Amino acid sequence: MSSKSTSSVEDIVQKLEYYCSYQERCHIEVSEKLRGFVLNQAEKDRIIVHLIESNFLNEERFALVFSISKFHQKKWGKIRIKNELKARKISDYLVTKALKEIPSEEYEMTFETLAEKHWESITEKNDLKKRKKFCDYLLRKGWESERIYEKVKELEK
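A brief report on the enclosed structure follows. Because the structure is a prediction, the values reported are computed rather than measured. (Residues numbered from 1 in each chain as written. Predicted model: local features only at pLDDT ≥ 70, side-chain atom pairs only at ≥ 80, totals over all residues. Heavy atoms only, no water.)

## Some points on the pattern of salt bridges
Inference 1: Per the stated rule, a full pass over the model turns up 15 salt bridges.
Inference 2: Linking R147 and E108 is a salt bridge whose minimum nitrogen-to-oxygen distance equals 2.9 Å. Of the two residues, R147 is situated in helix α9 (residues 145-156) and E108 in helix α7 (residues 104-121); the sequence distance between them amounts to 39 residues.
Inference 3: For the salt bridge of D136 with K132, the shortest nitrogen-to-oxygen distance reads 2.6 Å. Placement of both D136 and K132 in helix α8 (residues 127-140) is noted, with a separation of four residues, approximately one turn of the helix.
Inference 4: By relative accessible area, D136 is classed as partly exposed at 29%.
Inference 5: Connected via shared salt-bridge partners are E29, R80, E84 and R88. (Salt bridge = Lys/Arg side-chain N within 4 Å of Asp/Glu carboxyl O. Helix = DSSP H or I, 4+ residues; strand = E, 2+ residues; numbered from the N terminus. Buried < 20%, exposed > 50% of the residue type's maximum accessible area, 1.4 Å probe, protein only.)

Take a look at the structure:
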């Protein structure tokens, strides 16, 4: 057996406090981390309650930080951010609240910059293929399809 799975409950709590302190985590990530330890369900629940009460684990804070950081660092649109939060079982209320934290002016400017930069970077000669590559890229990043199609029409002129 590995040393990870035979640690005492106090050691596990300390490891998880560190795990939650160097980066925001959601409940699902902590639960996944707990699977690596040999604990019964009551001990796992007690550890999660401790992390919440000690403010190491906070879903609202996680959702806000996640949405802003993915928007700034990876240039994700609201659809991708929403889907990623949903995959982590974040409540609809918190997803909505997190998306509202993204400044709308900055959201518009980021889309415009990203779209124009990507359009210029596509070397495809065939107009249909270029349009498809452009749309696929922005859809994968989670931008709204109406916004993308309007931008394609504008850039093709």
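## Examining the side chain of E59
Inference 1: By secondary structure assignment, the location of E59 is in helix α4 (residues 59-74).
Inference 2: For the buried E59, which has no salt bridge, the nearest side chain bearing the opposite charge is R88, at an N-O separation of 9.0 Å.
Inference 3: Within the local environment of E59, its side chain forms a polar contact with the side chain of H27, the two groups lying 2.7 Å apart.
Inference 4: For E59, the residues in contact, after removing those within four places along its chain, are C26, H27, K89, I90 and L94. (Lys, Arg positive; Asp, Glu negative; His and termini not counted. Polar contact = N/O pair within 3.5 Å; in protein donor to acceptor, adjacent residues only side chain to side chain. Contact = heavy atoms within 4.5 Å.)

## Notes on the packing of α4 against helix α6 (residues 92-100)
Inference 1: Relative to each other, α4 and α6 sit at 40°, their axes nearing to 8 Å. By the angle class used here, α4 and α6 are oblique. With respect to the hand of their crossing, α4 and α6 are arranged in right-handed fashion. Residue-level contacts link E59, E60, A63, L64 and S67 of α4 to L94, K97 and A98 of α6.
Inference 2: Here the residues of the contact of α4 with α6 sort into four nonpolar, one polar and three charged. (Axes fitted to C-alpha atoms, helices over the stretch in contact; angles between N-to-C directions. Parallel < 35°, antiparallel > 145°, perpendicular 65-115°, else oblique. Left-handed = near helix turned anticlockwise from the far one by under 90°. Nonpolar A, V, L, I, M, F, W, Y, C, P; charged D, E, K, R; others polar.)

## Quick notes on the environment of I102
Inference 1: Note that I102 resides in the loop between α6 and α7.
Inference 2: Remark: the alpha-carbon pair of I102 and N83, spanning 19 residues in sequence, is separated by 16 Å.
Inference 3: Non-local contacts of I102, meaning those with residues more than four positions away in its chain, are made with S67, I68, F71, K78, I81 and Y107.

## Describing the nonpolar core
Inference 1: Judged by nonpolar contacts, the single largest core of 27 residues is most densely connected at I81, L85, I90, F134, L138, W143 and I148.
Inference 2: Of all the secondary structure elements, the ones that give two or more residues to this core are α4, α5 (78-87), α6, α7, α8 and α9.
Inference 3: Sort the elements by how many residues they give to this core and α7 lands first, with five residues.
Inference 4: If sequence neighbours within four positions are ignored, F134 has contacts with A115, H118, W119, I122, I148, K151, V152 and L155.
Inference 5: Formed by 13 residues, the second largest nonpolar core is a distinct cluster that contains C20, V30, F37 and L39. (Core = buried A, V, L, I, M, F, W, Y, C linked by side-chain atoms within 4.5 Å.)

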